[in-house]
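Chain by chain, the residues run as shown.
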Amino acid sequence: SIDGASAGSATSSPALHRRVDVSSLDNDVQTHMELKYDVGVEKKVRVWIEAVLGKPLPAGDDLLAQLKDGVVLCELLNALVKHCDGTAAAAAPPVSKKIYTGKIAFQQMQNINNYLEACRAAPFSFKELDLFETLDLFNRKEPVRVLSHLTTLAKRAAALPGYGGPAIGDVKGERNLFSATLVDSAGSAVSDIQRDGEGEPLTDDEAGMVAWINSHITASGGGDDGVELLHIDGAGDDLEPLPPIANLRGHIRTGVVLVRLLESCMRIHVPFYHLEPHTIFDCMQNATIALKTIATQCFETL
């Protein structure tokens, strides 16, 4: 990456050099967290919760949406204790004398707070490291942390003296979407994406679009009118032309062609994209950056 000062020497005309601020650390972190969220583990946690409660959760929403009001969490903890009949654990007080079932946000967050307080107390005795914050669930700030806590709760409940309730399925073999995007050094997953559509015939419209894209991305400097741009990853290096594409599927799915096309057509410098993506996550970031660039430019124009 380079800063605006090094990119600013590309041309003397401000109109031909508008640097787009499309980088968002918060969005990148959120995307990364969502990728790490394991849907396979979520399914096993859902099955376990339903077995402990003895009733199905409402269909439709994802698990975290159904836990957001804290009601299911409070009911879950109370049910776990009841599965320890005849032991000291069974004598533990309920999570709360009153579980709020309304739609008021404060009361829903109070349910979550009550649940977390009960987790800290006997018989579960959770340390802070194994808990989550109220907003991690209510605002989905840390979905992975919430899911991890629930798997820990299931294992801790199974270890309680006299526990005879359901056990959670094995979650060790599950892979989240983020781990699935990690590939070997050769970038095999990205190569598979780029081969999509190879050898398939193009319609006349597709052939025309491919020719138009190639006229922009294969020209040195990225444009038809001789205006040179700088590659933002290269600390001032001239923008190298890209190889021509042959179709509108695999050859543009890495996002590199989309970003380069925007740089050429809009006469802008797009910051912080992956010129040589090695993972699917890199490709997704490129596509997101391209969309943000379009939105930013349209907003500026309006």
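Refer to the structure above for everything that follows.
All values derive from a computational prediction rather than experimental measurement.

1. Some words on the packing of helix H5 (residues 71–82) against helix H6 (residues 105–120)
Where H5 meets H6, the closest approach of the two axes is 8 Å, and the angle between their N-to-C directions is 25°. Taken together, H5 and H6 sit at an angle that is classed as roughly parallel. Here H5 and H6 pass one another in a crossing that is left-handed. When H5 is examined against H6, the residues Val71, Leu73, Cys74 and Leu77 are found in contact with a partner set consisting of Asn111, Tyr115, Ala118 and Cys119.

2. Regarding helix H3 (residues 39–53)
The first and last C-alpha atoms of H3 sit 21 Å apart over 15 residues, in line with the 21 Å expected at 1.5 Å per residue. By the burial criterion, the buried members of H3 are Gly40, Val41, Glu42, Val45, Arg46, Trp48, Ile49, Val52 and Leu53. Each element contacted by the buried residues of H3 is listed here: helix H4 (63–67), H5 and helix H8 (143–158). One or two steps after H3, the chain reaches Gly54, where phi turns positive at roughly 75°.

3. Some details on the state of the cysteines
The tally for this structure, following the rule as stated, stands at zero disulfides. We note that Cys119 lacks a disulfide partner, and the nearest cysteine sulfur, in Cys74, lies 9.3 Å from it.

4. Considerations on unusual backbone geometry
A cis amide bond, omega 10°, links Ala122 with the succeeding residue Pro123. With respect to the element layout, Pro123 can be found in the loop between H6 and helix H7 (134–138). One non-glycine residue, Arg140, lies in positive phi territory at about 55°. Inspection of the secondary structure assignment puts Arg140 in the loop between H7 and H8. With a relative accessible area of 33%, Arg140 lands in the partly exposed category. Located in the positive-phi region is Arg267, a residue other than glycine, with phi close to 55°. For Arg267, a relative accessible area of 10% puts it in the buried group.

Here is what the cut-offs are and how they apply
Residues numbered from 1 in each chain as written. Predicted model: local features only at pLDDT ≥ 70, side-chain atom pairs only at ≥ 80, totals over all residues. Heavy atoms only, no water. Axes fitted to C-alpha atoms, helices over the stretch in contact; angles between N-to-C directions. Helix = DSSP H or I, 4+ residues; strand = E, 2+ residues; numbered from the N terminus. Parallel < 35°, antiparallel > 145°, perpendicular 65-115°, else oblique. Left-handed = near helix turned anticlockwise from the far one by under 90°. Contact = heavy atoms within 4.5 Å. Expected span 1.5 Å × (residues − 1). Buried < 20%, exposed > 50% of the residue type's maximum accessible area, 1.4 Å probe, protein only. Disulfide = S-S within 2.5 Å.

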